[in-house]
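Chain and residue survey
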Amino acid sequence: MPHAVSRLRDERLARSAKPFLARGGSTREKCEGCRLPRTHCLCASRASVPTRAGVCLLMADIEPLKPTNTGWLVADVVPDTFAFGWARTEVDPALLALLADPRWQPLVVFPGEYAPPARVVHEVPDDGAKRPLFVLLDGTWSEARKMFRKSPYLDRFPVLSLRPEQVSSYVLRRSRRDDHFCTSEVASLCLALAGDARASRVLEAALDVFTHHYVKARDQLPPDWDGEAHARLREAR
Ligand SMILES: [Zn+2]
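Keep in mind that this is a model prediction, so the values were computed, not measured.

**Section: the sheet that holds strand S4 (residues 120–121)**
Taking strand neighbours across the sheet as the criterion, the six strands line up as S2-S1-S5-S3-S6-S4 in an open arrangement whose pairing is parallel. Edge positions in the sheet fall to strand S2 (81–85) and S4, since each of these pairs with one other strand and no more. One ladder, built from two bridges, connects S4 with strand S6 (residues 159–160); its direction is parallel. When the bridges of S6 are listed, valine 120 appears paired with valine 159. Across the sheet, helix H1 (residues 4–15) lies against strand S1 (54–59) and S2, angled at about 20° from S2, the strand it touches most.

Here is the structure:
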């Protein structure tokens, strides 16, 4: 069964007037499971980890079509991943139903400085009855800000703002050059905060594996199944 992001991609493709060609659009045949050329398919290493938390991706229009969108990896790892296309003028009734579902506690993940202080939290509330549902705004920074400002149905939920020390320890541990995170990295951080440590590590490693295969495919070199990225993923699983 294709996951939420895969289904959203198919819906979005069906609405396209002309076939979407990614930058550097390759004609090599792609795997439906991981979007990579069949020669670099990583589906054999895909891992799903049961979690207490769920993830709800609100995706800017073109986002599900981007070959590098990492919301796809979130949906690979976290069984309860939901994905919706975002539009300013309309909202999917299924999204509203999910947000109103009493089993979930939605938390909008966004920098606290853009929200009224009363809404901002830095920890995942420990509500035994409800599972945390991380609402991630998946798009460019300007699209994400627009989604945050123009989605009144999100206004009643707490805004989970990652603390600078959480961000900087992640940057250090991952030896990154900057703190602009992609969607799957934000999801990893959120899962760790929610106590879903294993899923957090698997998702981190899955991003490394995806990046490795993507780069090797681009450079027309074989992926290294015994390399560092795969070793990390095997360990995390
Ligand atoms: Zn594949």
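Moving on from the coordinates now.
**Observations concerning the coordination of the zinc ion**
On the protein side, the zinc ion has Cys31 (SG), Cys34 (SG), Cys41 (SG) and Cys43 (SG) as donor atoms, found 2.3 to 2.4 Å from it. Seen from the zinc ion, its four donor atoms lie at angles of 102 to 117°, and the figure they make is tetrahedral. Positions of the donor residues of the zinc ion along the chain correspond to the pattern C-x2-C-x6-C-x1-C. Of the two residues, cysteine 31 is situated in the loop between H1 and S1 and cysteine 43 in the loop between H1 and S1; the sequence distance between them amounts to twelve residues.

**Focus on the pairing of S1**
It is a general feature of regular strands that their side chains alternate between the two faces of the sheet. Burial of S1 is extensive: six of the six residues sit out of reach of the surface. Residues Gly54, Cys56 and Leu58 of S1 are buried on one face, and the alternating residues Val55, Leu57 and Met59, pointing to the opposite face, are buried as well. Pairing of S1 with strand S5 (residues 131–138), which is carried by six bridges, proceeds in the parallel orientation. Note that in S5 the partner of methionine 59 across the bridge is aspartate 138. Across five bridges, S1 lies against S2 in parallel orientation. By the bridge assignment for S2, leucine 58 is matched with phenylalanine 84.

**Focus: the layout of surface pockets**
Where empty space is left becomes clear once a probe the size of a water molecule has been rolled over the atoms. Counted as a void, the largest pocket has a volume near 1,200 Å³. Together, 35 residues line the largest pocket, and His180, Phe181, Cys182, Thr183 and Val186 are the ones closest to its centre. The leading source of residues in the lining of the largest pocket is helix H7 (residues 197–218), at six residues. Partitioning the lining of the largest pocket into residue classes produces 18 nonpolar, nine polar and eight charged.

**Notes on empty space enclosed by the protein**
Evaluated as defined, the whole model comprises two cavities of 30 Å³ or more. Taken as a whole, the largest cavity encloses approximately 90 Å³ of empty space. The wall of the largest cavity is formed by Leu42, Ser45, Arg46, Ala47, Leu73, Asp76, Val77, Val202, Ala206, Val209 and Leu233. Only helix H2 (71–77) and H7 provide two or more residues apiece to the lining of the largest cavity.

Calculation notes
- Every chain is numbered on its own, with residues counted from 1 as its sequence reads.
- At least 70 in pLDDT is required for a residue's local features to be given in this predicted model, at least 80 for side-chain atom pairs to be given and counted, and no such filter applies to totals for whole chains, interfaces and linings, which use all residues.
- Side-chain numbers come from the whole structure's heavy atoms, not from hydrogens or water.
- Criterion used throughout: strands pair if DSSP finds at least two bridges between them.
- Strands here mean DSSP runs of E at least two residues long; helices mean DSSP runs of H or I at least four residues long; both are numbered from the N terminus.
- By definition, residues are in contact when any of their heavy atoms lie within 4.5 Å.
- Angles shown run from 0 to 180 degrees and are taken between the N-to-C directions of axes, each axis being a line fitted to C-alpha atoms and, for helices, limited to the stretch in contact.
- Donor selection uses N, O and S atoms within 2.8 Å of the metal (3.2 Å for Na, K and Ca). Since no water is included, sites may look incomplete.
- Labels for metal geometry use angle windows, namely 85 to 135 degrees for all angles of a four-donor tetrahedral site, and for square planar (four donors) or octahedral (six donors) sites opposite donors over 155 degrees apart plus all others within 65 to 115; sites meeting none of these are irregular.
- Only protein chains enter the accessibility calculation, which uses a 1.4 Å probe; a residue whose area is less than 20% of its type maximum is buried, one above 50% is exposed, and one in between is partly exposed.
- Only protein atoms enter the calculation, which uses a 1 Å grid: trapped sets of points that fit a 1.4 Å probe without letting it out are cavities, open sets showing protein on both sides within 12 Å along at least five of seven lines are pockets, and any residue with an atom within 4 Å of a point is a lining residue.
- Grid points are joined across faces, edges and corners, and a volume is the space filled by probe spheres set on the points.
- Gly falls in the polar group here, along with every residue not listed as nonpolar (Ala, Val, Leu, Ile, Met, Phe, Trp, Tyr, Cys, Pro) or charged (Asp, Glu, Lys, Arg).

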